[in-house]
Amino acid sequence: MDDNGLAPTYQAARDRFLAAADDAGTTVSSFDHPLAGLDAEPLAVDVAELGDTTDSAALMMVSGTHGVEGFTGSALQSHWLRAHAADRPDGVRVVHVHAFNPYGFSWVRRVNEDNVDLNRNFVDWNAPAPVNERYGGIAHLLVPEEWDADTQQATTVRLMEFAGEIGLDAMQEVVSGGQYAHPAGVFYGGTGAVWSHRWLERNAAGLAGGASRLGVLDLHTGLGPWGHGELISHEGRDGPGYRRGTEWWGDVRSMGDGESVSAPLSGDWLGRIGDFVPGVEITAAALEFGTVDTITVLQALRADAWLHAHGAPTATGAAAIRAQVRAAFADDDPAWFEAIRARFDEVSSAAARHLAAA
Ligand SMILES: [Zn+2]
């Protein structure tokens, strides 16, 4: 089967992944999601494992944390299973988590069934949620009640004025850093641990197996230059995982220290996985592949948020918004996939090599 492109739907991506996992001789476990997908298909997180649970190192690769970004992550996982399963170093178990947020993947959304951004949901829910006061001032502009051409034009102009006042970096942080007060808005973190969060908390120890060293690659799209793959660490530059990451991969950008294409944010899952597998040495990064420019991505997210807050997600016109979202996060140009696949190969093989050598 051709692994050189992105599948048209979640179901097609899942079928390709499961076929590749089967051909590679992996052990597959499927964890059913309670809701159905866009085409009424069942949804699940699928886990494909290769190696021995007694291996002292494990490499975990994850797709679809941000739903729609899973078209790319899934294609890379299927590619790895077909092209690289045989080069897995001895002593390194490899675990592919397919569609961490299967609902968003199927519905072509970055968020999950609760309009929650999974990477803003891993805050400590025993403490009050973080406050993003300035978001409140522009919430009605980001996701207006109407989404006709005039409203889009008027709200976009006002958002640009706001960006002009506070600067683009501050604007990115206000919009995308995470907010917990506007459930219909963008980059919403929720009010408690969502389904995928609870799933990870229950299953993280099983995913890590007996490993004392765990590498994690979380596959993302939508930030940075076209075809470029930036490694992003949730740690500061003095963090041990960040330092190991730079030894493995060279250039790793620290989100917290403002080096990254991503704004500093609250509640990303890579920042919490250590709590679920205490005592395991973790070297984790998000691998973020650039697609289109930030404004085009934001317009797609605003349209999607409007559709689910005020529109009709199953009506005919909704398909155009889904196509807009898909285009912002997944590029069907074979040259794009070729570029990011080469980068993925380099990063994943370096991780496996360093985990084996340690
Ligand atoms: Zn993402």
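You'll find the structure just up there.
On a predicted model such as this, the values are computed, not experimentally measured, just so you know. (Residues numbered from 1 in each chain as written. Predicted model: local features only at pLDDT ≥ 70, side-chain atom pairs only at ≥ 80, totals over all residues. Heavy atoms only, no water.)

Bringing the nonpolar core into the picture now. In terms of nonpolar packing, the biggest core is built from 76 residues, with L142, V186 and W249 touching the most fellow members. Per-element tally for this core: the top contributor is helix α12 (residues 334–357), with nine residues. Contacts of L142, omitting those with residues within four sequence positions, involve Y135, W147, L159, V175, V186, L298 and R302. Among the nonpolar cores identified, the runner-up in size contains 33 residues, and V116, L200, W269 and A284 belong to it. (Core = buried A, V, L, I, M, F, W, Y, C linked by side-chain atoms within 4.5 Å. Buried < 20%, exposed > 50% of the residue type's maximum accessible area, 1.4 Å probe, protein only. Helix = DSSP H or I, 4+ residues; strand = E, 2+ residues; numbered from the N terminus. Contact = heavy atoms within 4.5 Å.)

With that out of the way, let us pick up the packing of aromatic side chains. Going through the model one piece at a time under the given rule, you end up with 10 aromatic pairs. For the ring pair W125 and Y180, a centre distance of 6.0 Å and an interplane angle of 70° mean the geometry is edge-to-face. Residue W125 is found in the loop between α3 (102–106) and α4 (133–142), and its partner Y180 is found in the loop between α6 (168–176) and α7 (195–208); the two are separated by 55 residues along the sequence. Grouped by ring-pair contacts, the aromatic residues F31, F100, F122, W199, W269 and F276 constitute a single cluster. (Phe/Tyr/Trp six-rings, centres within 6.5 Å; stacked < 30°, edge-to-face > 60°.)

A sheet is described by the order of its strands in space; here eight strands give the open sequence β1-β2-β4-β3-β5-β8-β6-β7, paired in mixed fashion. Each end of this open sheet is capped by a strand with a single partner; those strands are β1 (27–36) and β7 (253–254). Contacts from α12 reach β3 (57–62), β4 (92–98), β5 (213–226), β6 (229–233) and β8 (281–290), with the element oriented near 160° to β5. (Pairing = 2+ DSSP bridges. Axes fitted to C-alpha atoms, helices over the stretch in contact; angles between N-to-C directions.)

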